[in-house]
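Here's the letter readout for the chains.
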Amino acid sequence: VQLQASGGGLVQTGGSLRLSCAASGRTFSSYGMGWFRQAPGKEREFVASINVLSGTYYADSVKGRFTISRDNGKNTVYLQMNKLKPEDTAVYYCAAGRLGGPDLRDYDYWGQGTLVTVSS
């Protein structure tokens, strides 16, 4: 599976962005998908995930502001980010794995990352 993330950019505090992650291959629907992020000098952290049954999980820091969704017909997973804060600034990575939970060790395939910068 190859993953291509897009949609990052510069946005002001309180603004919105939608990230997309397009996957290659015919088995997209059989993978759990996740979004992780890594800020400068920090470890990569879980943001949100969606499993094969479209069950979703969110980090506490983004609950109520971010929404993950998937379109199996388009082999794409999305991350709608609203009410953005400066602390959301990071490189965002999408990933594919069998479980689709919050543990990055469960993911086998990673995209290249897309930078989100939230200005104060």
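Sequence positions are assigned chain by chain, starting from 1 and proceeding in written order. Per-residue local features are limited, in this predicted model, to residues with pLDDT of at least 70; the limit for side-chain atom pairs, both in listing and counting, is 80 or more; totals at the level of whole chains, interfaces and linings are taken over all residues. Just so you know, side-chain values use all the structure's heavy atoms and leave hydrogens and water out.

S.K.: How would you sum up the overall build of the protein chain? Please name residues and give values.
M.R.: When its secondary structure is counted, the protein chain shows zero helices and eleven strands. Numbering of helices and strands starts at the N terminus; helices are DSSP runs of H or I of at least 4 residues and strands are runs of E of at least 2. Ordered by position in the sequence, the α and β elements of the protein chain form the string β-β-β-β-β-β-β-β-β-β-β. We compute the radius of gyration from the C-alpha atoms alone; for a globule the expected value is 2.2 Å times N to the 0.38, where N is the number of residues. Against the compact-globule benchmark of 14 Å for 120 residues, the protein chain has a radius of gyration of 13 Å, which places it among compact chains. Expressed along its principal axes, the backbone C-alpha trace of the protein chain runs to roughly 40 × 25 × 25 Å. Only protein chains enter the accessibility calculation, which uses a 1.4 Å probe; a residue whose area is less than 20% of its type maximum is buried, one above 50% is exposed, and one in between is partly exposed. The buried share of the protein chain, reckoned over its 120 residues, is 43%. When checking whether two residues touch, look at their non-hydrogen atoms; a contact exists if any pair is within 4.5 Å. The contacts in the protein chain between residues at least 6 apart in sequence include a share of 57% that link residues at least 24 apart. Surface exposure of the protein chain reaches about 6200 Å², of which carbon and sulfur atoms provide 48%. Of the side-chain charges in the protein chain, 13 are positive and 9 negative, and the distance between the mean point of each set is 6 Å. Here, Shrake-Rupley sampling with a 1.4 Å probe gives the accessible areas, and only protein chains in the shown set may cover a residue. The charge count includes Lys and Arg as positive and Asp and Glu as negative, but it does not include His or the ends of the chains. The atoms used to mark charge sites are NZ of Lys, CZ of Arg, CG of Asp and CD of Glu.

S.K.: Tell me about the sheet that holds strand 3 (residues 17-23), and name the residues and values.
M.R.: Two orientations exist for strands paired in a sheet by backbone hydrogen bonds: parallel and antiparallel. Taken together, four strands build an open sheet; the order of strands is 1-3-8-7 and the sheet is antiparallel. In this open sheet, the two edge strands, each paired with only one partner strand, are strand 1 (3-6) and strand 7 (66-71). With direction set aside, neighbouring strand axes in the sheet form an average angle of 15°. Pairing between two strands is assigned when DSSP locates at least 2 bridges connecting them. Where strand 7 and strand 8 (residues 76-81) come together, six bridges link them in antiparallel fashion. Along strand 8, the bridge assignment pairs F66 with M81. Lines fitted to C-alpha atoms define the axes, with helix axes restricted to the stretch in contact, and inter-axis angles between N-to-C directions lie between 0 and 180 degrees.

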